[in-house]
Amino acid sequence: MKAIFLIASLILIPSLALAGAGRSDYTDISDSRLQIISGSMSRLYVYDVTMKDSECGIKTVPTLFFDDDIAIAKEIYSMILMAKATGKEMEFIAGSCVSIGSDTYPSITSVYIK
């Protein structure tokens, strides 16, 4: 019985470590729609960007939340606008899935510009 548990643990633990909100490929967002919403959960939606390996319900709309949990949200927002305006390719990293209504969205925590 212990051997079965050990084997199952060795198989499951690495796959759980890879689970999460996902990351995108490098993507040109110059034609992507952006939507900014003000309120108790102020946020920016970046449409039509596929998040790979995401467990979130919505996988094509990475979302930047303007709250205290993401101290550099304004800097990330500036990088997104710069990439959109200049046509630079950008990679999105999401650290978690955040519930909005009945869906979950990938929460952007990091970006890379090529």
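Computed from a predicted structure; not experimentally measured.

## Re the environment of Arg23
Point 1. For Arg23, the location among the structural elements is in the loop between α1 (2-18) and β1 (27-28).
Point 2. Given a relative accessible area of 38%, Arg23 falls into the partly exposed group.
Point 3. Remark: the alpha-carbon pair of Arg23 and Met51, spanning 28 residues in sequence, is separated by 4.9 Å.
Point 4. Sequence-distant contacts of Arg23, that is, excluding residues within four places in its chain, are made with Thr50, Met51, Lys52, Glu91, Phe92, Ile93 and Tyr112.
Point 5. Among the polar contacts listed, one links the side chain of Arg23 to the side chain of Glu91, at a separation of 2.8 Å.

## Things to note about the side chain of Ser32
Point 1. Within the secondary structure, Ser32 sits in the loop between β1 and β2 (34-37).
Point 2. Judged by relative accessible area, which is 8%, Ser32 ranks as buried.
Point 3. Of the polar contacts made by the side chain of Ser32, one reaches the backbone oxygen of Tyr47; its length is 3.4 Å.
Point 4. Once you skip the residues sitting within four places of it in the chain, Ser32 turns out to touch Tyr47, Val49 and Lys84.

## Quick look at the nonpolar core
Point 1. Residues Ile29, Val46, Ile80, Phe92 and Ile108 are the most contacted members of the largest nonpolar core, which totals 18 residues.
Point 2. Among the elements of the structure, β3 (43-46), α2 (73-86), β5 (89-100) and β6 (103-113) are those that each provide at least two residues to this core.
Point 3. Of all the elements, α2 adds the most residues to this core, at 4 residues.
Point 4. When neighbours within four sequence positions are excluded, Ile80 is seen to be in contact with Ile29, Leu34, Leu44, Val46, Leu64, Met90, Phe92 and Ile108.
Point 5. Residues Tyr47, Phe65, Ile100 and Tyr105 belong to the second largest nonpolar core, which totals 7 residues.

## Some words on the side chain of Thr63
Point 1. Mapped onto the elements, Thr63 comes out in strand β4 (residues 63-65).
Point 2. Thr63 sits in the buried class, given a relative accessible area of 0%.
Point 3. At 3.1 Å, the side chain of Thr63 and the backbone oxygen of Val61 are in polar contact.
Point 4. Contact partners of Thr63, with chain neighbours within four places excluded, come to Arg43, Leu44, Tyr45, Tyr105, Pro106, Ser107 and Ile108.

What counts and how
Residues numbered from 1 in each chain as written. Predicted model: local features only at pLDDT ≥ 70, side-chain atom pairs only at ≥ 80, totals over all residues. Heavy atoms only, no water. Helix = DSSP H or I, 4+ residues; strand = E, 2+ residues; numbered from the N terminus. Buried < 20%, exposed > 50% of the residue type's maximum accessible area, 1.4 Å probe, protein only. Contact = heavy atoms within 4.5 Å. Polar contact = N/O pair within 3.5 Å; in protein donor to acceptor, adjacent residues only side chain to side chain. Core = buried A, V, L, I, M, F, W, Y, C linked by side-chain atoms within 4.5 Å.

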